[in-house]
Amino acid sequence: MAARSIGNGTLSFGMVSIPIRMYSAGESSSAVSFNMLHDKCKSRLKQQYICPKDNEIVARDHTVKGYEFAKDQYVTFTQDELKAMDEEAQKAIEITEFVPATKVDPVYFDGAYYLGPDKGGEKAYKLINEAMKQTGRAALAKWAARGKQYLVLIRPVGNGLVMQQLLYKDEVRPISEVPIEEAELKDSELKLAVQLVEQIANDEFKPENYEDEVRKRYHEAIQRKVEGQEVITAAEAPKSAQIIDLMEALKASLAAKNTAAAQAKDEPKAAKSAASGKKKTGTEG
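As a convention, each chain's residues are numbered from 1 in the sequence order in which they are written. Totals for whole chains, interfaces and linings use all residues, but because this is a predicted model, local features are given only for residues with pLDDT of at least 70 and pairs of side-chain atoms are given and counted only at 80 or more. Each side-chain value is derived from all of the structure's non-hydrogen atoms; neither hydrogens nor water enter the calculation.

### With respect to the overall build of the chain
Okay, step 1: Secondary structure is summarised from DSSP: a helix means a run of H or I of at least four residues, a strand means a run of E of at least two, and numbering begins at the N terminus for each. Looking only at helices and strands, the chain features five helices and eleven strands.
Okay, step 2: Three exposure classes are used, based on accessible area relative to the maximum for each residue type with a 1.4 Å probe and protein chains only: buried under 20%, partly exposed in between, and exposed over 50%. In the chain, buried positions account for 16% of the 285 residues.
Okay, step 3: Contacts spanning at least 24 positions in sequence make up 60% of the contacts within the chain whose residues lie at least 6 apart.
Okay, step 4: Split by element, the accessible area of the chain, about 24000 Å² in all, is 53% carbon and sulfur. Here a residue-residue contact requires only that any non-hydrogen atoms of the pair lie within 4.5 Å. Only the protein chains shown count as covering a residue, and every accessible area follows the Shrake-Rupley method with a 1.4 Å probe.

### Observations regarding the sheet that holds strand β8 (residues 109-117)
Okay, step 1: Pairing is mixed around the closed barrel formed by seven strands, whose spatial order is β1-β2-β8-β11-β10-β9-β7. If you compare each strand with its neighbour and ignore which way they point, the axes differ by 40° on average.
Okay, step 2: Here strand β9 (residues 137-145) runs beside strand β10 (residues 148-157); their pairing, made up of seven bridges, is antiparallel. Bridge assignment links alanine 141 to a residue of β10, and that residue is valine 152.
Okay, step 3: In the packing of helix α2 (residues 122-135) onto the sheet, contacts are made with β1 (5-13), β2 (16-24), β7 (92-100), β8, β9, β10 and β11 (160-166), and the angle to β11 comes to roughly 70°. At least two bridges found by DSSP between two strands is the condition for calling them paired. Angles run from 0 to 180 degrees between N-to-C directions of axes, and those axes are lines fitted to C-alpha atoms, restricted for helices to the stretch in contact.

### Digging into the packing of aromatic side chains
Okay, step 1: Two aromatic rings from Phe, Tyr or Trp, using only the six-membered ring of Trp, form a pair when their centres are within 6.5 Å; if the ring planes differ by under 30 degrees the pair is stacked, by over 60 it is edge-to-face, and anything between is tilted. If you walk through the whole model with that rule in mind, you get four aromatic pairs.
Okay, step 2: On the basis of an interplanar angle of 85° and a centroid distance of 5.8 Å, the ring pair of phenylalanine 13 and phenylalanine 98 is categorised as edge-to-face. A residue pair is termed long-range when its members are at least 10 positions apart, and phenylalanine 13 in strand β1 and phenylalanine 98 in strand β7 qualify at 85 residues.
Okay, step 3: On the basis of an interplanar angle of 55° and a centroid distance of 5.8 Å, the ring pair of phenylalanine 34 and tyrosine 218 is categorised as tilted. Of the two residues, phenylalanine 34 sits in the loop between β2 and β3 (49-51) while tyrosine 218 sits in helix α4 (residues 213-226), which places them 184 residues apart along the sequence.
Okay, step 4: You can call tyrosine 218 partly exposed: its relative accessible area is 42%.
Okay, step 5: Three or more aromatic residues joined by ring pairs form one cluster here, namely Tyr113, Trp143 and Tyr150.

### Thoughts on α2
Okay, step 1: Here a helix's expected span is defined as the number of its residues, less one, multiplied by 1.5 Å. An ideal rise of 1.5 Å per residue puts 20 Å on 14 residues; α2 measures up with 20 Å between its terminal C-alpha atoms.
Okay, step 2: Among all positions of α2, only Tyr125, Ile128, Asn129 and Met132 are buried. Buried residues in α2, looked at end-on, bunch into an arc of 100°, giving them a common side. The exposed residues of α2 that point more than 90 degrees off its buried face are Lys123, Lys126, Leu127, Gln134 and Thr135. What the arc covers is the set of directions going from the helix axis to the C-beta atoms.

### Some points on the side chain of glutamine 165
Okay, step 1: Residue placement: glutamine 165 occurs in strand β11.
Okay, step 2: Not counting residues up to four positions away in its chain, the partners in contact with glutamine 165 are Tyr108, Phe109, Asp110, Gly111, Tyr113, Trp143, Arg146, Tyr150, Leu151 and Val152.

### Some remarks on the pattern of salt bridges
Okay, step 1: Any Lys or Arg side-chain nitrogen found within 4 Å of a carboxyl oxygen on Asp or Glu counts as a salt bridge. Tallied over the full model, the rule gives three salt bridges.
Okay, step 2: When the shortest N-O distance is used, the salt bridge between aspartate 118 and arginine 21 registers 3.3 Å. Note that aspartate 118 is positioned in the loop between β8 and α2 and arginine 21 in strand β2, a separation of 97 residues in sequence.
Okay, step 3: Residue classification places aspartate 118 among the buried residues on the basis of a relative accessible area of 18%.
Okay, step 4: Note on arginine 21: relative accessible area 27%, which makes it partly exposed.
Okay, step 5: Salt-bridge contacts for glutamate 211 lead to lysine 216; the nearest nitrogen and oxygen are separated by 3.6 Å.
Okay, step 6: By relative accessible area, glutamate 211 is classed as exposed at 53%.

### Focus on the nonpolar core
Okay, step 1: If you look at the biggest cluster of nonpolar residues, it comprises 20 residues, and the most contacted ones within it are Leu11, Ile93, Leu115, Trp143, Ile154, Leu161 and Met163.
Okay, step 2: Sorting the residues of this core by element identifies β2, β7, β8, α2, β9, β10 and β11 as the ones contributing at least two each.
Okay, step 3: If one sorts the elements of this core by residue count, β9 sits on top with four residues.
Okay, step 4: Residues within four places of leucine 11 in sequence aside, it is in contact with Val16, Ser17, Ile18, Ile20, Ile93, Ile95, Ile128, Ile154 and Leu161.
Okay, step 5: Formed by six residues, the second largest nonpolar core is a distinct cluster that contains Ala138, Leu140, Leu153 and Leu166. Here, nonpolar core means buried Ala, Val, Leu, Ile, Met, Phe, Trp, Tyr and Cys residues that are tied together by side-chain atoms lying within 4.5 Å of each other.

### Quick word on the pairing of β9
Okay, step 1: Within β9, seven of the nine residues are buried, which leaves it mostly tucked inside the rest of the structure.
Okay, step 2: Of the strand pairs in this sheet, β7 and β9 are connected by six bridges, and their pairing is antiparallel. Bridge pairing in β9 links valine 99 to alanine 138.

### Concerning helix α3 (residues 187-199)
Note that an α-helix has 3.6 residues per turn; residues three or four places apart therefore point the same way.
Okay, step 1: A rise of 1.5 Å per residue sets the reference length of α3, with its 13 residues, at 18 Å; its end C-alpha atoms lie 18 Å apart and thus fit the reference within 8%.
Okay, step 2: Of the residues making up α3, those classed as buried are Glu189, Leu192 and Leu196. Seen along its axis, α3 keeps its buried residues to an arc of 70°; they face one direction. In α3, the exposed positions that point more than 90 degrees away from the buried face belong to Asp187, Lys191, Val197 and Glu198.

Written out as structure tokens, the structure reads:
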């Protein structure tokens, strides 16, 4: 099933203007959400605004937006004032510069969209895709939508383009704010740690190998409830023995991985042997 476009516009750099269509890269509807109900009659509850000073319910048309500039002190804004400050939505995504794709730290990554060519833009779209792949660069651009101006990174993925929303510099805390104390490592510890990393290493990321197990449990429990079944609480998993010594922990991890690998290797042999036994029994009968 083809993706459904959520908007169109142009991708521009220099004198080049590429008509594009925008598509959602993710599905926000996949999250499990619940409504607040009255436990007595199971009716959905309505949210109300209550003024703690006057002790009364405030209707929405009697609310104003305020910014707290000091403790319990606010400046208020009308809808017209807020609208005047909003960034006007623009159809153009304006490329400002090209940077090495590997130089943008993923800590800046926010939401993502796919960009596809609109009618008449196929050749220019393919051209910029190939140019970025050959140079190993991605495009930084400005994009205005929903009353905001966004910094975005446009990068090639296969024969398409991904537009990645970025956080601004002042929205990302530096790692230097995290308290990290110095620690001395032994060569033997590092050697074992490297072995453990190599043992479970892969040369590529395969997202199909992972799923949201918590969301899956929610959906299974919801379905059982819908069908009138009782939701069964899973038994608590047995706690593994805590290993304080770092070397012992590394050795135990390596041993566990080796055992798991050996079992996985023996499973096909056991299955083949069982199948062969059944075949012989059937022939003799």
